[in-house]
Amino acid sequence: MRASLIAILLTVLTLLAGCQKEGADLDRDEAFYSMVTVVDGSAESGTTFEMLRYADAPTVTLVAPSFYNSDFKKGARVMLYYFITDSSSSVERIVVRGYTEVLDSPLKASTRTEIDKYVQNPIEVTSLWRTGGYLNFSGFLQMIDSGKHIFILVADKATLKDPIVDLWLIDDLQGAMGTYYRRAYGSWDISEVWNAPGNKGVRVHVNCKNYPTTQFEFVK
């Protein structure tokens, strides 16, 4: 199934408290939810983000002069909820109203034998989409009462030089019993694969709980 056929509007974002509201008319303006990259930030100048609205769209710089979070690291991916207060073709000044942290571990490369050792727990996919060199995920994962589970994107080493590279989106509960589903966001840097000579796209394998398909293709 092509990526364009599975793109679904993102549902309500879980907001964290404490984000500042500016301006009396913001509640009447259009809010945006975007997967962004942290560029830099300081308590004095606020935070700068970058994003692509879709696929290979031009990069847009988001400047939030009154927002700063010392936990944000350069290069981190964040799901941002914001209003635009001023914009040009490539720079937008924004007011941040909320954010959700994103699971953004590095892309792994493993053999198919190693991949098959993971227990692939069912994943409820709301949206799976590409922006530039990132593969992004919105959906629901099973949570466990204690311990950690593995949620990663893995490339099949045997296909790295093929025109279409096979990627596996894996949620492994590490032997624990899932007790409930919770909204989660993920974003992985696949630029090394996507920009490799001869690459024509990626095929993402998912043990999908809510779709009949288990493969999603993103092609150039």
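Computed from a predicted structure; not experimentally measured.

A few points about the pattern of salt bridges
Part 1 of the argument: With the rule as written, the count across this model stands at six salt bridges.
Part 2 of the argument: Between D116 and R112 there is a salt bridge, with the nearest N and O atoms lying 3.0 Å from each other. One end of the pair, D116, and the other, R112, are both in helix α2 (residues 112-116), four residues apart, so they sit about a helical turn from each other.
Part 3 of the argument: What makes D116 partly exposed here is its relative accessible area of 46%.
Part 4 of the argument: On the basis of relative accessible area, R112 is assigned to the partly exposed category, the value being 40%.
Part 5 of the argument: Linking R203 and D166 is a salt bridge whose minimum nitrogen-to-oxygen distance equals 2.7 Å. Of this pair, R203 sits in strand β12 (residues 201-206) while D166 sits in strand β10 (residues 164-172), placing them 37 residues apart in sequence.
Part 6 of the argument: Here D166 falls in the buried class, since its relative accessible area comes to 12%.
Part 7 of the argument: Each of the salt bridges in this network shares a partner with another, and the network as a whole consists of D166, R203 and E217.

So, the sheet that holds strand β7 (residues 124-131)
Part 1 of the argument: Taken in spatial order, the three strands line up as β7-β8-β11 in an open sheet, and their pairing is antiparallel. A strand with exactly one partner marks an edge of an open sheet, and here the two such strands are β7 and β11 (180-189). Across this sheet, the average inter-strand angle for adjacent strands is 20 degrees, counted without regard to direction.

As for the confidence of the model for the protein chain
Part 1 of the argument: Mean pLDDT over the protein chain works out to 88, with 87% of the residues at or above the 70 mark.
Part 2 of the argument: Between residues 1-24, whose pLDDT stays under 50, and residues either more than four places distant or in other chains, the model counts 52 contacts.

Analysis parameters
Residues numbered from 1 in each chain as written. Predicted model: local features only at pLDDT ≥ 70, side-chain atom pairs only at ≥ 80, totals over all residues. Heavy atoms only, no water. Salt bridge = Lys/Arg side-chain N within 4 Å of Asp/Glu carboxyl O. Helix = DSSP H or I, 4+ residues; strand = E, 2+ residues; numbered from the N terminus. Buried < 20%, exposed > 50% of the residue type's maximum accessible area, 1.4 Å probe, protein only. Pairing = 2+ DSSP bridges. Axes fitted to C-alpha atoms, helices over the stretch in contact; angles between N-to-C directions. pLDDT = per-residue confidence, 0-100. Contact = heavy atoms within 4.5 Å.

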